[in-house]
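Architecture at a glance
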Amino acid sequence: MLSEALTKHLKKLAGITPNQIKKINFYILIGPPAIGKSTFIKSMPENTLVINRDEVVQKVASSYSLSYDDLFILPSADSKIGEIVPGFESFGKVKEAPEQIRHWAPVVFENIDKINLEVYHQMSNLFNKAKSGKFPNVVVDMTNMTLESRSLDRMGDKVHFRYIAVEFDISDPETKNIIKKAAEIRRREDLKRGIKKTIPDSAFDRMFLQYVPPSFREGFDKIIKINTIENLKRFIELDSEKF
């Protein structure tokens, strides 16, 4: 039975029934690479939809016989449109860059552009899958460290979802250096599995500089804060013992 107060509140929601109210937990993971987001996901129930852009990128790039790192390679600015650059045949022809990046990258490789477009479509499909109501838990596993990157507007639904921010604490001054060390260990482990994925120090520096902590003003129903620093220190110590 619903309480009288809740019943009155429901009547104000223009016919929305109790079963329609925020029944899907929508987790937004917030933190840099290598901070422990994958470990958090392992604790989620099996019927959880995980939206991870890096995994989509890796999958699509592999279908073109390219790696994650390859997607960040650009032709030289003086490359001619339509040419095949020696040594980069699998990247396709040089073409004019999309308008939104043309101010800093005038030309791109054709296949890289195709991959980015396909990644965009697959990510859109995953978010539409999240809206289907088939998954009681949805996790967006990306860095989401800026307001724009984690905007809830992409879902456009304040009724069916309960938005939960999972903030990985980076307040400790040691955090950045610890994460860089952990990321390097994981890069080496990925290489052993044939995966080339490098995150340069400059990328970490930029993420930390641009970071905006989550707030309820963004539309979150709950904010969870997790500290993984001690776990990361142990992870680094265990790796050092191998040598």
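Counting restarts for each chain, with residues numbered from 1 along the sequence as it is written. The model is predicted, so local features are restricted to residues of pLDDT at least 70 and side-chain atom pairs to those at 80 or more, both for listing and for counting; the totals for chains, interfaces and linings are taken over all residues. Only hydrogens and water are set aside; all other atoms, that is, all heavy atoms of the structure, feed into the side-chain values.

1. A short note on unusual backbone geometry
- Phi at Ser65 is positive, roughly 60 degrees, even though this residue is not glycine.
- Its relative accessible area of 64% is what places Ser65 among the exposed residues.
- The backbone phi angle of Asn144 is positive, close to 50 degrees, even though this residue is not glycine.
- By secondary structure assignment, the location of Asn144 is in the loop between β5 (137-140) and β6 (161-168).
- Exposure remark for Asn144: the relative accessible area of 2% places this residue in the buried category. The buried label goes to any residue with under 20% of its type's maximum accessible area, the exposed label to any with over 50%, and the partly exposed label to all in between, with areas taken from a 1.4 Å probe on protein chains only. Only DSSP runs of H or I reaching four residues or more are called helices, and only runs of E reaching two or more are called strands; each is numbered from the N terminus.

2. Quick look at the packing of aromatic side chains
- Side-chain rings of Phe, Tyr and Trp, where Trp is taken by its six-membered ring, are said to pair if the distance between their centres is within 6.5 Å; with planes under 30 degrees apart they count as stacked, over 60 as edge-to-face, and otherwise as tilted. One pass over the structure, following the stated rule, counts nine aromatic pairs.
- Aromatic side chains Phe88 and Phe91 sit 5.2 Å apart centroid to centroid with 85 degrees between the ring planes, which places their arrangement in the edge-to-face category.
- Taking relative accessible area as the criterion, Phe88 reaches 28% and is therefore assigned partly exposed.
- Through a chain of ring-to-ring contacts, the aromatic side chains of Phe26, Phe161 and Tyr163 assemble into a single cluster.
- The lysine or arginine in question, Arg186, covers the ring of Phe235, its NZ or CZ lying 5.1 Å from the ring centre.
- One cation-aromatic arrangement involves Lys197 over Tyr68; the distance from NZ or CZ to the ring centre is 5.2 Å. Consider the ring centre and the ring normal. A charge sits over the ring if Lys NZ or Arg CZ is within 6 Å of that centre and within 35 degrees of that normal.

3. Brief notes about the layout of surface pockets
- Using only the protein atoms, space was sampled on a 1 Å grid; points where a 1.4 Å probe fits but cannot get out form cavities, open sets with protein on both sides within 12 Å along at least five of seven lines form pockets, and lining residues are those with an atom within 4 Å of a point. Grid points are joined across faces, edges and corners, and a volume is the space filled by probe spheres set on the points. Roughly 230 Å³ of volume is contained in the second largest pocket.
- In terms of lining residues, the second largest pocket is bounded by 13 residues, among which Gly36, Thr39, Arg186, Asn231 and Leu232 are the most central.
- Breaking the lining of the second largest pocket down by element, the ones donating at least two residues are α2 (37-42) and α7 (229-240).
- For the lining of the second largest pocket, the element with the most residues is α7, which contributes five residues.
- Residue polarity is assigned by list, with Asp, Glu, Lys and Arg as charged and Ala, Val, Leu, Ile, Met, Phe, Trp, Tyr, Cys and Pro as nonpolar; anything else, Gly included, falls into the polar class. A per-class count over the lining of the second largest pocket returns seven nonpolar, four polar and two charged.

Purely geometric numbers; function is a separate question.
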